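The primary structure of each chain is shown beneath.
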Amino acid sequence: MPENLKPVTKTDFSGGLQVTSSPWALKPTELLRCENFLLAQTGALTVRDGAVTVETTPTIPATVASVLDLNSLCLNDGSVFRLRIARETDGTQKLYLNATPWQLLGTFALAYETPTMLNYLNQTLITDGYHIPYVTNGGSFTIFPTDPMADMIPGAKWMVVHQNAVWAWNTAAATSTYDGPSSIRQSDVENFHSWPVGNQLFVAKDDGQSGTGMGVFTIAETGISPDNVLVLFKDFSTYQASGAFGASAAPTITQVKTDMGCIAGRTVQFIPNFGMIRLTHRGFAVFSGLNDQVISDNIRPYIFGRDDILGLNYEVAHLSVATQFQNPPIYICACPSTAVSSGLDRVFIFDVTKKAWTICTFPYPFATCNLLLEPGVLPYTQAGLYERPAVQRIFGGDTRDDGVPISWQVRFPPLPQPLRRAYMRRALIELFSVQAGQAVTAEFVLGPARSPQRVRQTKRVTVAAQSFPGTGLDHVIEDELYYDIGRTGEVLWTELTGAGSLNIRGIEWQLSQKSLTRPMRI
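First things first, this report covers the structure right here in the doc. (Residues numbered from 1 in each chain as written. Predicted model: local features only at pLDDT ≥ 70, side-chain atom pairs only at ≥ 80, totals over all residues. Heavy atoms only, no water.)

## Considerations on the overall build of the protein chain
Part 1: Looking only at helices and strands, one finds one helix and 43 strands in the protein chain.
Part 2: Taking 24 Å as the expected radius of gyration for a compact globule of 522 residues, we find that the protein chain reaches 26 Å, a close match to that expectation.
Part 3: In terms of overall dimensions, the protein chain has a C-alpha envelope of 95 × 50 × 40 Å along the principal axes.
Part 4: Within the protein chain, the proportion of its 522 residues that are buried is 55%.
Part 5: Long-range contacts, defined as pairs at least 24 residues apart, comprise 59% of the intrachain contacts of the protein chain with a sequence gap of at least 6.
Part 6: For the protein chain, the computed accessible surface area is about 22000 Å², with 51% contributed by carbon and sulfur atoms.
Part 7: Side chains of the protein chain carry 40 positive and 45 negative charges; the gap between the two charge centres is 13 Å. (Helix = DSSP H or I, 4+ residues; strand = E, 2+ residues; numbered from the N terminus. Rg over C-alpha atoms; globule rule 2.2 N^0.38 Å. Buried < 20%, exposed > 50% of the residue type's maximum accessible area, 1.4 Å probe, protein only. Contact = heavy atoms within 4.5 Å. Areas by Shrake-Rupley, 256 points an atom, 1.4 Å probe, with all protein chains shown as cover. Lys, Arg positive; Asp, Glu negative; His and termini not counted. Charge placed at Lys NZ, Arg CZ, Asp CG, Glu CD.)

This is the structure:
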């Protein structure tokens, strides 16, 4: 029996995923693989919250195929109207009011893949691509009413409320006198019925690119902006519009020093004290107002593909959608990764505090997700499903996916001193906030890599009680799993898999490093 065992302990996983560097070059806090985990404030790994269906048939009409967008219209009198845009099985697109059952408000003229809703002046404004936008007050549903003496935009791929007016970006498929893929237009102040042609500019007109998204430096702007800068994204370029139209004035358009734009307009999210994140042709990038930089280098294979990791489906990557969650503060982006599907089945999780990534998967692909803001309740996040008539609550503290335990996986990098053989005696895993009875399977892979040894063992949590988030007992429900290995080789990686709600506080390998030897001459 080897003596002088030494512990190698990992208790901080705050570095998140790192899949671009050599496994031997990873920092002590980084992970080789990680699925369905979030980074806890303590440095531990915590299984993501469950997805729970809160709306489905018969509440949702059987004719609904996918739920494309979600919004809460909050009126000054305290009324709240929860709105849903749905794609029907016959290909049409409709607006519903969340009632029991859903109440049909109207049918769109076009089936637009990425509709958006924004609240303004006690109403919700809705984009429908190259068609005049729509408006609803929770009861009626019409296109923008037009003042006979005023002009109207022919359409808008993207709209925001900024400087107490509505701004439309990419207003037509072909360039005309006032509209086109590079046209930015502003309504009159507090009047989205009127769009004077004088409130219009072309941004890099006819440069072969089109407006692919826009953003403001606030989370939920509905009136006067805290910043007079509007950010305009094209496919491979970014612009700032400073100021607003008025009298003889016009915004000043400045091109940002970057070669990145945006390839999915619904991924644009402003993160306070950080910047504006979106998906670009180089990966996820953040624009701070001064600098523009890629923040997804550590997870690049999950975007572009490499080795055993499939990249995104770029034919439909423009359908990707992002939102936020406040506890912990994270940026959530759902993207398509299946070659034959438009469903958003790969969810990127960026921990804003730790500046680190993890990857989550859910039982069903999303068509949209959104952070909903309503007076009197904490902001909450919901997802509309793709090819399924359902709305789910996500990141709401649930411990299961509609009653099914959440499957998870994590792979730890090689132990120090690459190519050095060691005798691995045992491994200990410390868990907390854990549910009784669940199994945790550990696979220890020892080299040499050309003929690896795989030691696979399954242990079961033996605590007598169950712990659920929010009970007040999470921090005291702990268990330690013991894995007896007794093998010699190069420690290539250690992988844990299981299903259920738990937190991994730390893992310790107890081993003895073999001394250097001279290889035999052949």
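## Some thoughts on the nonpolar core
Part 1: Counting 61 residues, the largest nonpolar core has Phe284, Phe348, Phe444 and Ile504 as the members making the most contacts within it.
Part 2: At five residues, the largest contribution of residues to this core is made by strand β38 (residues 422-432).
Part 3: Here Phe444 is in contact with Met424, Ala427, Gln453, Arg454, Val455, Tyr483, Ile485, Trp493, Thr494 and Trp509, once residues within four sequence places are set aside.
Part 4: Core analysis: the second largest hydrophobic core is formed by 21 residues, Val321, Val347, Ala390 and Phe395 among them. (Core = buried A, V, L, I, M, F, W, Y, C linked by side-chain atoms within 4.5 Å.)

## Here's the deal with the sheet that holds strand β20 (residues 211-216)
Part 1: The antiparallel open sheet is built from four strands, whose spatial order is β20-β21-β22-β23. The sheet terminates laterally at β20 and β23 (252-255), the two strands that pair on one side only. Neighbour-to-neighbour, the strand axes of the sheet open up by a mean angle of 25°, direction not taken into account.
Part 2: Looking at chain direction, strand β22 (residues 238-242) and β23 are connected through four bridges and run antiparallel. By the bridge assignment, Ala241 is partnered in β23 with Ile253. (Pairing = 2+ DSSP bridges. Axes fitted to C-alpha atoms, helices over the stretch in contact; angles between N-to-C directions.)

## Some remarks on the sheet that holds strand β34 (residues 390-394)
Part 1: Read from one edge of the open sheet, four strands run β7-β34-β33-β32, paired in antiparallel fashion. The open sheet terminates on both sides in strands that have one partner only, identified here as β7 (52-56) and β32 (366-372). Strand-to-strand, the axes of this sheet are offset by a mean angle of 25°, without reference to chain direction.

## Considering the pattern of salt bridges
Between side chains of opposite charge, a pair can form when the charged atoms approach closely.
Part 1: Tallied over the entire structure, the rule returns 16 salt bridges.
Part 2: Across the salt bridge formed by Asp207 and Lys234, the nearest N and O atoms sit 3.0 Å from each other. Taken together, the residues span a long stretch of sequence, with Asp207 in the loop between β19 (200-202) and β20 and Lys234 in strand β21 (residues 229-234) at a distance of 27 residues.
Part 3: Here Asp484 makes a salt bridge to Arg425, at a shortest N to O gap of 2.3 Å. Separated by 59 residues along the polypeptide, Asp484 in strand β41 (residues 478-489) and Arg425 in strand β38 bring together distant segments of the chain.
Part 4: Overlapping salt bridges, with partners in common, bring together Glu443, Arg454 and Arg456 in one network. (Salt bridge = Lys/Arg side-chain N within 4 Å of Asp/Glu carboxyl O.)

## Considerations on the packing of aromatic side chains
Part 1: The tally for this structure, following the rule as stated, stands at 23 aromatic pairs.
Part 2: Aromatic side chains Phe144 and Phe192 sit 5.0 Å apart centroid to centroid with 50° between the ring planes, which places their arrangement in the tilted category. Of this pair, Phe144 sits in the loop between β15 (141-143) and β16 (158-162) while Phe192 sits in the loop between β18 (183-186) and β19, placing them 48 residues apart in sequence. Residues Phe144 and Phe192 agree in their burial class; the two are buried.
Part 3: Taking the ring centre of Phe202 as reference, the NZ or CZ of Lys205 above it sits at 4.5 Å.
Part 4: Sitting over the ring of Trp493, Arg411 keeps its end group 4.4 Å from the ring centre. (Phe/Tyr/Trp six-rings, centres within 6.5 Å; stacked < 30°, edge-to-face > 60°. Lys NZ or Arg CZ within 6 Å of the ring centre and 35° of its normal.)

None of this, on its own, says anything about what the molecule does.
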